[in-house]
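Coordinate analysis (summary)
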There are 2 protein chains.
Amino acid sequence: MSEAVLPLNDRGLAYGDGVFETVLVRDGTPLLWDAHLARLTRGCERLGFPAPQRDELDALPGRAPAGLSVLKLIVTRGSGGRGYLAPADPEPRLLVQHLPFAPAEARWREGVRVRHCALRLGIQPRVAGLKHLNRLENVLARNEWSDPDVAEGLLCDSDGRIIEATCMNLFWQRNGRLETPRLDRCGVAGTLRQALLAERSIAEVEAMPERLEQAEALWLGNSLQGLWPVTRLDDSNGHALITWTIGETHRRLQNDAQRLLGYPSLP
Amino acid sequence: MSEAVLPLNDRGLAYGDGVFETVLVRDGTPLLWDAHLARLTRGCERLGFPAPQRDELDALPGRAPAGLSVLKLIVTRGSGGRGYLAPADPEPRLLVQHLPFAPAEARWREGVRVRHCALRLGIQPRVAGLKHLNRLENVLARNEWSDPDVAEGLLCDSDGRIIEATCMNLFWQRNGRLETPRLDRCGVAGTLRQALLAERSIAEVEAMPERLEQAEALWLGNSLQGLWPVTRLDDSNGHALITWTIGETHRRLQNDAQRLLGYPSLP
């Protein structure tokens, strides 16, 4: 069901009626592949259309260029239906792109400055955690700032709870305990987050953003970039709230991520 | 900037980063055209990219087939940018479809049965009122029922306020006063709704769904179908909450809509 062009009546374009994945591929080998496929399949199930066949998907990373690249997969519900009403027998469309990629290595070492976004995520448990195609909130949030020294923006939900960054998940250590926001009402449950949860004791919590200012360490991460230690957190006007010095605590969790993604260990 | 096919890197597909309009066209003449263009322009402004030129848009309805049809316009931010970060100089893409259309005339006369949906709309003031491409909530809500006797589903927001139907706006009369939900936190501000607000005294209110059960009359409507009087409202399990008999009150507001859309007056 793979396609090279998109008909204008595709429901992915019309309504964002679909899901996507961006997979790190190194010399034809995908990283965290099972986690990506599991989320893709869960997304299709939750939206109510069949996921692509596993063997069709498994053949894709091998077609990537040599070295590092990103395999972007989009699966839409396809065409048809009457308006928002989905077709009874959907014929999903799989769209594949291979994109060049290099991680921001300096950010592993030096850390990043981040800020709070003004936009608040709407609460929608029906699609929370999924990487669906309705990403206008992320676009608007990411475009709240243009300063290239600010690497990411943090997002709260409409009840004020801290959730994620525009394209990364959040992790922090507080009183020696690792925490990450629960994502059952909004946000995207990243595959690196899932892999870290599987091998480390990390509590999924409900927290207000002030919790971050009590943290010994704060990280942002996703399955393409690994983990970035945060050295400075600004409010949504760009004024510093708190700074951190990178230490051993940061490196321990970072090196878990480096290993999961096949990146070199940090000293 | 009109296009016939869509590149896979278009941000409309990737993120729902765009807006759309569905315009009723009769023999080349668009109905409520200024209201559609105003909403389209407002949407592009709110998302932060230039709207298509007015003269390019004005040329489109004349290319519609004879009789009734729907002109569907999609404007996306185009390609480019880095992930969610928008390109500094976006080149928006205008996508045009002419679709056959006939209104559900029997519903004008006989009215419709509707139900409450279980899904609740997320609150997002930044895009409230716009007809943007992030419509997964509408798709999921519309697919909560398959009974063809149920014409529409009503949606509340995550705070429980009544907002709209899956593809229509809501109007009711209570104590002789016309009301419609405020749409400053979520929902789509329809062009028929706007036209009715401009010529009738209709209060935009915050209301819980129980308010509907106190109404003398309830209508659903949009710029393609006109207004449907509601004869029965069900809960989200399909059990009747209240029924109405269609009367003169219904016909008065309906006939305003019929006139605005060039449909015949109802007796």
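Predicted, not measured: the structure shown is a model, and the values here were computed from it.

1. A closer look at the domain arrangement of chain A
All names here are of chain A. What the domain assignment reports for chain A is domain 1 (2-100) and domain 2 (105-260). When each unit is reduced to the centre of its C-alpha atoms, the spacing between domain 1 and domain 2 is 25 Å. Between domain 1 and domain 2, the contact holds 23 residues from the first and 21 residues from the second. When domain 1 packs against domain 2, the two sides together hide about 1700 Å² of surface, and 64% of this comes from carbon and sulfur. The three residues of domain 1 that bury the most area against domain 2 are Phe20, Leu32 and Arg39, which together make up 37% of that side's buried surface. There are zero salt bridges connecting domain 1 and domain 2. At the surface where domain 1 touches domain 2, the tally comes to eight residue pairs in polar contact (both at pLDDT 80 or more). Sorting the residues of the side of domain 1 that touches domain 2 by element identifies helix 1 (11-15), strand 2 (18-26), helix 2 (33-47) and strand 4 (68-76) as the ones contributing at least two each. Considering only residue class, the side of domain 1 that touches domain 2 consists of eleven nonpolar, seven polar and five charged.

2. Remarks on the packing of aromatic side chains
All names here are of chain A. What the rule picks out here adds up to four aromatic pairs over all chains. Ring centres of Trp108 and Tyr263 lie 4.7 Å apart, and the angle between their planes is 50°; this geometry places the pair in the tilted category. With Trp108 in helix 4 (residues 105-110) and Tyr263 in the segment after helix 7 (248-260), this residue pair connects regions lying 155 residues apart in the sequence. Comparing Trp108 with Tyr263 shows no difference in burial state: the two are buried. The aromatic ring of Trp228 is capped on one face by Arg107, whose charged end is 4.8 Å from the ring centroid.

3. Thoughts on the interface of chain A and chain B
Each partner contributes to the interface: chain A provides 50 residues, whereas chain B provides 50 residues. Together, the buried faces of chain A and chain B total about 4000 Å²; carbon and sulfur atoms form 62% of this surface. When residues of chain A are sorted by the area they lose upon contact with chain B, Leu8(A), Tyr84(A) and Leu136(A) head the list and together hold 21% of the total. On inspection of chain A and its partner chain B, the count reaches two salt bridges. Ionic pairing is found between Glu144(A) and Arg126(B), a salt bridge with its closest N-O pair at 3.4 Å. It is helix 5 (residues 136-142) of chain A that contributes the most residues to the side of chain A that touches chain B, six residues altogether.

4. Points about the relation of the copies chain A and chain B
For the pair chain A and chain B, the superposition axis carries a translation of 0.0 Å, the fit reaches an RMSD of 0.0 Å, and the rotation angle comes to 180°. In short, the pair behaves as if placed about a two-fold rotation axis. In this assembly the copies share their binding face: 100% of the residues contributing to the interface of chain A also contribute to that of chain B.

5. Here we look at the pattern of salt bridges
Side chains that differ in charge, positive against negative, can pair when their charged atoms come close. All names here are of chain A. Under the defined criterion, the tally for this structure stands at 47 salt bridges over all chains. Glu248 serves as the salt-bridge partner of Arg252, at 4.0 Å between the closest nitrogen and oxygen. Of this pair, Arg252 and Glu248 both sit in helix 7, separated by four residues, roughly a single helical turn. Judged by relative accessible area, which is 46%, Arg252 ranks as partly exposed. A relative accessible area of 63% means that Glu248 is categorised as exposed. The network of salt bridges with common partners includes Asp157, Asp159, Arg161, Arg182, Asp184, Arg185 and Glu206.

Calculation rules
- Residues numbered from 1 in each chain as written.
- Chains lettered and ligands numbered in written order.
- Predicted model: local features only at pLDDT ≥ 70, side-chain atom pairs only at ≥ 80, totals over all residues.
- Heavy atoms only, no water.
- Domains from an automatic or database assignment.
- Contact = heavy atoms within 4.5 Å.
- Buried area = accessible area lost by both parts, 1.4 Å probe.
- Salt bridge = Lys/Arg side-chain N within 4 Å of Asp/Glu carboxyl O.
- Polar contact = N/O pair within 3.5 Å; in protein donor to acceptor, adjacent residues only side chain to side chain.
- Helix = DSSP H or I, 4+ residues; strand = E, 2+ residues; numbered from the N terminus.
- Nonpolar A, V, L, I, M, F, W, Y, C, P; charged D, E, K, R; others polar.
- Phe/Tyr/Trp six-rings, centres within 6.5 Å; stacked < 30°, edge-to-face > 60°.
- Buried < 20%, exposed > 50% of the residue type's maximum accessible area, 1.4 Å probe, protein only.
- Lys NZ or Arg CZ within 6 Å of the ring centre and 35° of its normal.
- Least-squares fit on C-alpha atoms with pLDDT ≥ 70 in both.

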